[in-house]
Amino acid sequence: AAQQALMLRTAQRYFDVAVAQEALGVLDRQLQAVQKAATEAQDRFDIGSAPVTDTHEARARLAALRAQRLAAQTDLDVKRRALADSTGLAPTALAVRLPGAAAATAPRALEAWQQEAEAANPAIRLQQLAADIARAEAEKHRRSASATVDLVAQAGQERLHGSGDYGNARNKNVNALVGVQLTVPLSTGGYRAAREEEALRLWDKAQAQVQSTREQVAQQVHGAWLGLSLGAERVQALTDALAASESRRDATQTGHEVGHRTLLDLLNAENDTAAACLALAQARAGLLLDRLRLAQLAGRLDEDALASANQALGTAP
């Protein structure tokens, strides 16, 4: 259970680094585009073909992006450090990749995942083991507080021989005993009854915790299954949105060059494209993480599951 939890936590940190790295790359591309737009705005202003507001807008957006980039770089460094702590590798030795476009595959039925999690989830099994121990403890106290009837058997033999002033002597004694023994515990002022009652209540508590853990795991399985079921559609929708944003940006760029669109329109189009690119990266990472989370909930997060996830990363462009 601890190993699977560690693997899932490491995968989460891995994708955090991958998304943060992608966000930094998106900001770098935005900076280049806005820097180019700012230079063009200044050149146009110098020759009198553009208002000074274009220059101010470009400089303001450029300053904001530089501040965002510094924050993104700090966020990436912190997440790299967290990933290094999980893996034991140096931050400079960690190369991360985002999953690329993959063919959509329908997950197994929810009922199958729920049944597998019910039988193999590590948290449920641990709670069930604790409940079994509590039940055994309650049974022990119940038995110690009640009368018992035991079949008793005993056999023994003694031999004695020696010599003295009056000659040799020899003596032999054999005894055997078979019977029934009744043991009635004496009163302890309520101590045994109190211990038994305490053990029974602890058993009730352990059973309630088992049920609570089952409900929590069922909810988590349902959430991960929905994320996996709808994640592929979401990734496709965001892919289409990114393509539309790039087309809009290109059209806005052309419109700005011929004077039909303002520089602010172009900057907004660049920002929307960057947001769509980052949202797509987050959705792809979330889809793969839901696969691993579902496997962990079902007790199946092993080397094969990680190898399958690594193949998905290998398809990244």
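Residues numbered from 1 in each chain as written. Predicted model: local features only at pLDDT ≥ 70, side-chain atom pairs only at ≥ 80, totals over all residues. Heavy atoms only, no water.

Participant: Can you explain the overall build of the protein? Please cite residues and give values.
Facilitator: Broken down by element type, the protein carries seven helices and two strands. Relative to the globule expectation of 20 Å for 317 residues, the C-alpha radius of gyration of the protein, 37 Å, shows a markedly less compact shape. Overall, the protein is about 145 × 45 × 40 Å in size when its C-alpha atoms are taken along their principal axes. Within the protein, buried positions represent 30% of all 317 residues. (Helix = DSSP H or I, 4+ residues; strand = E, 2+ residues; numbered from the N terminus. Rg over C-alpha atoms; globule rule 2.2 N^0.38 Å. Buried < 20%, exposed > 50% of the residue type's maximum accessible area, 1.4 Å probe, protein only.)

Participant: Explain the packing of helix H1 (residues 2–47) against helix H6 (residues 263–297) to me, using residue names and the numbers behind them.
Facilitator: Two elements in contact, H1 and H6, have axes separated by 10 Å at closest approach and are oriented at 170°. Viewed along their axes, H1 and H6 adopt a mutual orientation that is roughly antiparallel. (Axes fitted to C-alpha atoms, helices over the stretch in contact; angles between N-to-C directions. Parallel < 35°, antiparallel > 145°, perpendicular 65-115°, else oblique.)

Participant: Before we move on, could you go through the nonpolar core and cite the residues and values that matter?
Facilitator: Phe15, Leu263 and Leu292 are the most contacted members of the largest nonpolar core, which has 39 residues in total. The set of elements that each furnish at least two residues to this core consists of H1, helix H2 (52–87), H6 and helix H7 (303–314). Among the elements that take part in this core, H1 stands out by supplying 16 residues, more than any other. The contact partners of Phe15, leaving out residues within four places of it in the chain, are Pro99, Ala285, Leu288, Leu289, Leu292 and Leu313. (Core = buried A, V, L, I, M, F, W, Y, C linked by side-chain atoms within 4.5 Å. Contact = heavy atoms within 4.5 Å.)

Participant: So, the pairing of strand S2 (residues 167–183): which residues are in play, and what are the values?
Facilitator: Taken together, the 17 bridges between strand S1 (residues 148–164) and S2 define a ladder with antiparallel strand orientation. Bridging from a neighbouring strand, Thr148 pairs with Thr183 of S2. Between S1 and S2, which pair antiparallel in sequence order, lie two residues. (Pairing = 2+ DSSP bridges.)

Participant: Can you lay out H2 for me, pointing to particular residues and giving the numbers?
Facilitator: With 36 residues, H2 ought to run about 52 Å at 1.5 Å a step, and its terminal C-alpha atoms sit 52 Å apart, in line with that. Packing partners of the buried residues in H2 comprise H1 and H6. Just downstream of H2 lies Gly88, where phi reads positive at about 80°. (Expected span 1.5 Å × (residues − 1).)

Participant: Break down the packing of aromatic side chains for me, with residues and values.
Facilitator: Taken as a whole and assessed by the stated rule, the structure comprises one aromatic pair. Between Tyr14 and Phe15, the aromatic rings sit 5.5 Å apart at their centres with planes inclined by 85°, giving edge-to-face as the arrangement. (Phe/Tyr/Trp six-rings, centres within 6.5 Å; stacked < 30°, edge-to-face > 60°.)

Participant: So, the packing of H2 against H6: which residues are in play, and what are the values?
Facilitator: For any two helices packed against each other, the geometry is given by the interaxial angle and the distance between the axes. Remark: H2 packs on H6, axes separated minimally by 9 Å, with the N-to-C direction vectors making an angle of 20°. Judged by the inter-axis angle, H2 sits roughly parallel to H6. Along this stretch, H2 crosses H6, giving a crossing that reads as right-handed. Residue-level contacts link Asp54, Glu57, Ala58 and Arg61 of H2 to Leu263, Leu264, Leu267, Asn268 and Asn271 of H6. (Left-handed = near helix turned anticlockwise from the far one by under 90°.)

Participant: Go over the environment of Ala243 with me, naming the residues and quoting the values.
Facilitator: In this fold, Ala243 is placed in helix H5 (residues 191–258). Here Ala243 falls in the partly exposed class, since its relative accessible area comes to 39%. Sequence-wise, Ala243 and Gly259 are 16 residues apart; in three dimensions their C-alpha atoms are separated by 24 Å.

Participant: Give me the lowdown on the pattern of salt bridges, citing residues and values where you can.
Facilitator: Where charged atoms of side chains with opposite charge meet at close range, the side chains can pair. What the rule picks out here adds up to 12 salt bridges. Of the charged contacts, one joins Arg29 and Glu22 as a salt bridge, the two residues approaching to 3.6 Å between their closest N and O atoms. Looking at Arg29, the relative accessible area reads 45%, which means it is partly exposed. Given a relative accessible area of 23%, Glu22 falls into the partly exposed group. (Salt bridge = Lys/Arg side-chain N within 4 Å of Asp/Glu carboxyl O.)

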